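Read off the chains here:
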Amino acid sequence: MAILDVRQLRKSFGALVAVDGVSFTLQAGQLVGLLGPNGAGKTTTVSMIAGLAAPDGGEVLIAGKRLAGDTDPGKRRVGLVPQDLALYEELSARENLRFFGALFGLSGGALDKAMASTLELVGLADRARDLVKTFSGGMKRRLNLAAGLLHDPDILLLDEPTVGVDPQSRNAIFDNLEALKRAGKALLYTTHYMEEAERLADRIVVIDHGKVIADDTLGGLQARVNVAGVAGVAGGAKANLETVFLTLTGRSLRD
Amino acid sequence: MAFTPLAAMVRKDLKLFFSDRRSVIVSFLVPIAIASFFGSLFNGPRTGEPAKINVMVVDQDDSAISKAIVAGFGADRNLKLTSAEAETARDSVRRGRTAVAVIVPKGFGEAAGAAFFGDGAKPQLEMLYDPSRATELAMVRGIMTQHVMEAVSKEMFGGAQGRKYVEQTLPQVESSATMSPQQKQLLLQMLRSVQGFYNQAPSGGGSSARGITMPYSVKEEAMTSGANVAYNGYAHSFAGMGIQFLLFAMANLGVEMLLERQRGLWKRLRSAPVSRLTLLAGKVLSGALISLMIVGVCFAFAMAVFGVRISGSVAGFAAVAVACALMASTFGVLVAALGNSPATARGVTTLAVLMMVMLGGAWVPTFIFPAWLQQFTLIVPVRWAVDGLDAMTWRGIGLSGAAAPVIALLGFAALFALVAAIRFRWEEA
């Protein structure tokens, strides 16, 4: 059984249909890359999975149970790493994690242990007591990841988690994600960086205009494009993901 | 409602508040400084002596009546009198150093005496005044009326001018062709009796002539918390400024909530299995605690330094303070619910808070407002907050005096919270 089962999700904002019947699944120990142009509906889809927005239609199943309501215990099995650096700059790393952990019901020794292990994982144990405002961009990104992991979720939703970080920090984040995958976590990863999806994703879901237009492994997507024949790709050579993406979603600009 | 997330939200907000030095200074020190200043203005004299009005007098007449008027002014406890020349007086008033200058023109005494009994032309006293000090002008006008009437009547009933007036009037009456013989006889009889009275009294009016005096005296009692307890203007100013700055602090709390949304922090909050009620309650509770600290620190300072006392009910004071704190913190949450962006919310709420505190009597007491405005301000929560704190401090009203303000403030708090819960943008997409 899939740990995350997204079924026919729909969401509109007035006349704009942002998500239109999106369905996909995510297995434990798997990383799915969620790709799409700007405004394709990725973030809205992630928001509905995280319980930030109520779907107009469809459902989100966490380990077979429908996610419903703000206080659904199923939300404890989901961790969110938002695109923004959602941290309190005037608090220390520990104080941030203590607060976010408490929101998920962690307290006392369990919270201390969780903070220690996540800070260790993201390489910030020695800066735990420093104010976040003194951190570099990369350190903030790693702490942002730690805050999503603190309550040991089965599913981690990562919304462009490497925006604006240097190659070293990005590599460290990739190492963290690969370690989490090995530990059996299910990861849903949205990004605009195709090479990240190529490196990390076991499967790739491409969304455009609120609909899933492809859901396959990297090899499967490449095979599709090769079959269709793409300008600039030599006979027998595999197209890279960017070429596949542009072939599927078109070259017109999206704002 | 889950306790752990609620406690964590309150703890976090308190830490953030106290980590911002500017907020702490604005919330605690600024209201104390401004309330101390306003309190010193409205407190009144602690010795029982009223503040004296600076008045200049120009005596161009130099008559017995004008001298008596100047002497009366000089002895008045409400005035600080200086004699000067007309040009000096005019310049002093223009420069704002003197509130009012009174010029007694030449011939005033004689003309006033004639006008007192007869139908002679009334002489003019010239009053030069600073138009920005109309209240002091009104006071000086009243005081002047009293002293002029005393001086003129005293002179006319017992002074040389009165004798001279009778002596001049007797032959006029005797030769009058317009009076009936009976009227003439009665008037001559009265004037000769007056002349006889003057002849028996020492020349110059004598000490027994008092003229017209006020036919009553006044016993004034300030209705404060008890007999012989002076009004402490600091109690009102600290209530007003405390409320003003806790509203500013809570408006800032609302703006901070909008900034939290802008920074994506509400995504984290909403992704946790925490109810909307807990999220709002956490904000309201932390805001209320900060508000209570502001009220507490302000009044502790006022008590220690300016002798403000909770002369009414301590429990009532605590209830009003808690109700104020809840009203203010729900106002902050309302700002977050209605605000589109931190920048616009900050501008609009600053205006809203200033309007509320102005209409609510935080700057000046509401009794100086027109009657219709006094009624209108009952819809302003600050009015109830200030009235409630006044009732529990210098007015010395018991627990019953806290009931209406507490109910009203809790009503406002419930209304603000309800609107905030309905209008708050819960979805984060």
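As a reminder, the structure under discussion sits directly above these lines.
Only a predicted model underlies this, so the values are computations on that prediction, with no experimental measurement involved.

Q: Whenever I open this one, the pairing of strand β7 (residues 155–159) of chain A confuses me. Can you help?
A: Two faces belong to every sheet, and in a regular strand the side chains alternate between them. All names here are of chain A. Burial analysis of β7 places 5 of its 5 residues in the buried class, the great majority of the element. The sheet contact formed by strand β6 (residues 78–81) and β7 spans 4 bridges and is parallel. Of the residues in β7, the one forming a bridge with V81 is L158. Where β7 and strand β8 (residues 186–190) come together, 5 bridges link them in parallel fashion. Residue pairing for β8: I155 is matched across the bridge by A186.

Q: I would appreciate a short explanation of the sheet that holds strand β1 (residues 4–13) of chain A in the present structure.
A: In a beta sheet, neighbouring strands are held together by backbone hydrogen bonds and run either parallel or antiparallel to one another. All names here are of chain A. With antiparallel pairing, the 4 strands of this open sheet are ordered in space as β2-β1-β4-β5. The open sheet has two free edges, formed respectively by β2 (16–26) and β5 (65–66), since each of these has just one partner strand. Examined bridge by bridge, strand β4 (residues 57–62) and β5 share 2 bridges and lie antiparallel to one another. Considered in β5, the bridge of I62 is made with K65. Taken strand by strand, helix α1 (residues 42–50) contacts β1, β2 and β4, and its axis lies near 120 degrees from that of β1.

Q: Would you mind going over the nonpolar core with me for this structure?
A: One recurring pattern in soluble globular proteins is that nonpolar side chains are buried together. L157 of chain A together with L247 and C324 of chain B are the most contacted members of the largest nonpolar core, which has 156 residues in total. The element contributing the most residues to this core is helix α9 (residues 233–262) of chain B, with 17 residues. Core analysis: the next-biggest nonpolar cluster, separate from the first, contains 32 residues, I53, I65, L128 and V152 of chain B among them.

Q: What is the right way to read the interface of chain A and chain B from this model?
A: Interfaces are often described in size by the accessible area the parts lose on coming together. Taken residue by residue, the interface counts 31 residues in chain A and 25 residues in chain B. Sorting the residues of the side of chain A that touches chain B by element identifies α1, β6 and α2 (93–103) of chain A as the ones contributing at least two each. Looking at side-chain class alone, the side of chain A that touches chain B contains 16 nonpolar, 8 polar and 7 charged residues.

Q: Can you walk me through unusual backbone geometry in this structure?
A: All names here are of chain A. Unusually for a residue other than glycine, A63 sits at a positive phi of about 50 degrees. Assignment of secondary structure puts A63 in the loop between β4 and β5. Backbone geometry places H209, a non-glycine residue, at a positive phi of 50 degrees. Of note, H209 is situated in the loop between β9 (203–208) and β10 (211–216). The class of H209 is partly exposed, set by 16 C-beta atoms lying within 10 Å.

Reading the values: rules and limits
- Residues numbered from 1 in each chain as written.
- Chains lettered and ligands numbered in written order.
- Predicted model: local features only at pLDDT ≥ 70, side-chain atom pairs only at ≥ 80, totals over all residues.
- Buried ≥ 20, exposed ≤ 12 C-beta atoms within 10 Å, placed from the backbone.
- Helix = DSSP H or I, 4+ residues; strand = E, 2+ residues; numbered from the N terminus.
- Pairing = 2+ DSSP bridges.
- Contact = placed C-beta atoms within 7 Å.
- Axes fitted to C-alpha atoms, helices over the stretch in contact; angles between N-to-C directions.
- Core = buried A, V, L, I, M, F, W, Y, C linked by C-beta atoms within 7 Å.
- Nonpolar A, V, L, I, M, F, W, Y, C, P; charged D, E, K, R; others polar.

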